[in-house]
Amino acid sequence: MKNIKFLLLFISILTTVLVSCSSGDATVETQKSSALRIYLNEFKGVNNISGKSVATDSTMCYEFVYPLTLAYNNATTVTVSNETELIAVLESETSQLYINGIAFPFNLIAPGSTTPITISNESEFWSVINACNMNSYDDYIAPGSCYSFVYPFSFLMNNNQTVTVNNDQELIDLASQSSDTNYIVNLVYPFSVNNNNTVTQINNEYEFAQLNNDCDDNSNCNCPTDVNPVCVNVGGVIIQFPNACVAECAGYTAADFVNCN
């Protein structure tokens, strides 16, 4: 009888331990977020994360309230407890393994404020991106970049529509029509760009962000938005630029220009 009582007590204790462990290991659900990639790119610029020295005196419009659960593109999750840990995660990113998701809801706070705001979904996150005037996809496609797109390629809009552009004029029209209620939230990957006389395939949002970071570092171009096309021949492919300034920013000279026809 004593053995039976002991056995029942042991089973009861074991059950309690197992239930406790199961509750503690609950998986936090994350969601893929294109707004997060824009925010992180801004964060990396502020903190000088690109193989250079790192400073933690952030000047972001809004800062994360920690802890924060993020997801890699392979669905692995990581929880960061402070800004230093986030910097370490971003420094270790590669084009094969990078952050592209976050657990909603999370909180942001303005520097110097004591009142956080709660971000419950992707739409609210994009509202912060727009309110803070962070460089986003609408800025990336503006003329004057150090690269040009190889047409056709497609954008994803905030209303879930996919828009395909076939030439420079359609691209400029799309950029000029952007607003806080109608904006680009991502591109359709892969696509190709012409950069430094080389056609390069861009496979994901991390590679596109790195492309634009390198462009910001290496180019001081400030080209007009007028359309006066010029073309160059790159390995047998005719690449058209909206104007000569944009072509020169991509590394070409007037001697490289060919007949667009």
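Reading the values: the criteria
- Residues numbered from 1 in each chain as written.
- Predicted model: local features only at pLDDT ≥ 70, side-chain atom pairs only at ≥ 80, totals over all residues.
- Heavy atoms only, no water.
- Helix = DSSP H or I, 4+ residues; strand = E, 2+ residues; numbered from the N terminus.
- Buried < 20%, exposed > 50% of the residue type's maximum accessible area, 1.4 Å probe, protein only.
- Contact = heavy atoms within 4.5 Å.
- Areas by Shrake-Rupley, 256 points an atom, 1.4 Å probe, with all protein chains shown as cover.
- 1 Å grid on protein atoms, 1.4 Å probe; cavity = no way out; pocket = protein on both sides within 12 Å on 5 of 7 lines; lining within 4 Å.
- Points joined across faces, edges and corners; volume = space filled by probe spheres on them.
- Nonpolar A, V, L, I, M, F, W, Y, C, P; charged D, E, K, R; others polar.
- Disulfide = S-S within 2.5 Å.
- Arc of directions from axis to C-beta.
- Polar contact = N/O pair within 3.5 Å; in protein donor to acceptor, adjacent residues only side chain to side chain.
- pLDDT = per-residue confidence, 0-100.
- Phe/Tyr/Trp six-rings, centres within 6.5 Å; stacked < 30°, edge-to-face > 60°.
- Pairing = 2+ DSSP bridges.

1. Some remarks on the overall build of the protein chain
- The secondary structure content of the protein chain amounts to 8 helices and 16 strands.
- Here the protein chain, with 261 residues, has 39% of them falling under the buried criterion.
- Pairs at least 24 apart in sequence give 60% of the contacts found in the protein chain among residues at least 6 apart.
- Total accessible area on the protein chain stands at roughly 13,900 Å², and carbon and sulfur atoms take up 50% of it.

2. Topic: empty space enclosed by the protein
- Within the structure shown, the criterion is met by 2 cavities of 30 Å³ or more.
- Here the second largest cavity defines a volume of roughly 30 Å³.
- Lining the second largest cavity, in full, are Arg-37, Ile-38, Asn-41, Tyr-137, Tyr-140, Glu-205, Phe-208 and Ala-209.
- Sorting the residues of the lining of the second largest cavity by element identifies helix H2 (34-46), helix H5 (137-140) and helix H7 (205-218) as the ones contributing at least two each.
- Looking at the lining of the second largest cavity, its residues break down into 5 nonpolar, 1 polar and 2 charged.

3. As for the state of the cysteines
- Counted under the stated rule, the structure contains 2 disulfides.
- The side chain of Cys-61 participates in a disulfide bridge whose partner is Cys-132; the two sulfur atoms lie 2.2 Å from each other. Disulfide Cys-61-Cys-132: torsion about the S-S bond near -70°, hence left-handed. Here Cys-61, found in the loop between H2 and strand E2 (63-64), pairs with Cys-132, found in the loop between helix H4 (122-131) and H5; they are 71 residues apart in sequence, far enough to count as distant.
- On the basis of relative accessibility, which here comes to 15%, the residue Cys-132 falls in the buried class.

4. Examining H4
- Among all positions in H4, only Glu-122, Phe-125, Trp-126, Val-128 and Ile-129 are buried. Down the axis of H4, the smallest arc covering the buried residues is 155°, so these residues share one side.
- The backbone nitrogen of Ser-123 lies 3.2 Å from a side-chain oxygen of the residue at the head of H4, namely Asn-121.
- Downstream of H4 by a residue or two, Asn-133 has a phi angle that is positive, lying close to 55°.

5. Quick word on the confidence of the model for the protein chain
- Put simply, the protein chain has an average pLDDT of 80, and 80% of its residues get 70 or more.
- Here helix H1 (residues 2-24) is the element of the protein chain with the lowest mean pLDDT, 39, and strand E3 (residues 68-72) is the one with the highest, 97.
- Confidence drops under a pLDDT of 50 for residues 51-58, and excluding neighbours within four residues, the segment shows 14 contacts in the predicted structure.

6. Some points on the packing of aromatic side chains
- The tally for this structure, following the rule as stated, stands at 19 aromatic pairs.
- When the centroid spacing of 6.2 Å and the interplanar angle of 5° are considered together, the rings of Tyr-137 and Phe-208 count as stacked. Of this pair, Tyr-137 sits in helix H5 while Phe-208 sits in helix H7, and the two are 71 residues apart along the sequence.
- Among the aromatic residues, ring-to-ring pairing joins Tyr-137, Tyr-147, Phe-149, Tyr-151, Phe-153, Phe-155, Tyr-189, Phe-191 and Phe-208 into one connected group.

7. With respect to the pairing of strand E10 (residues 162-165)
- The sheet contact formed by strand E9 (residues 153-157) and E10 spans 4 bridges and is antiparallel. Bridged to Phe-155 within E10 is Val-163.

8. Describing helix H6 (residues 168-176)
- Turning to H6, its buried residues number three or more, namely Asp-168, Leu-171, Ile-172 and Leu-174. Seen along its axis, H6 keeps its buried residues to an arc of 160°; they face one direction.
- Between a side-chain oxygen at the N-terminus of H6 and the backbone nitrogen of Gln-169 the separation is 3.2 Å; the capping residue is Asn-167.

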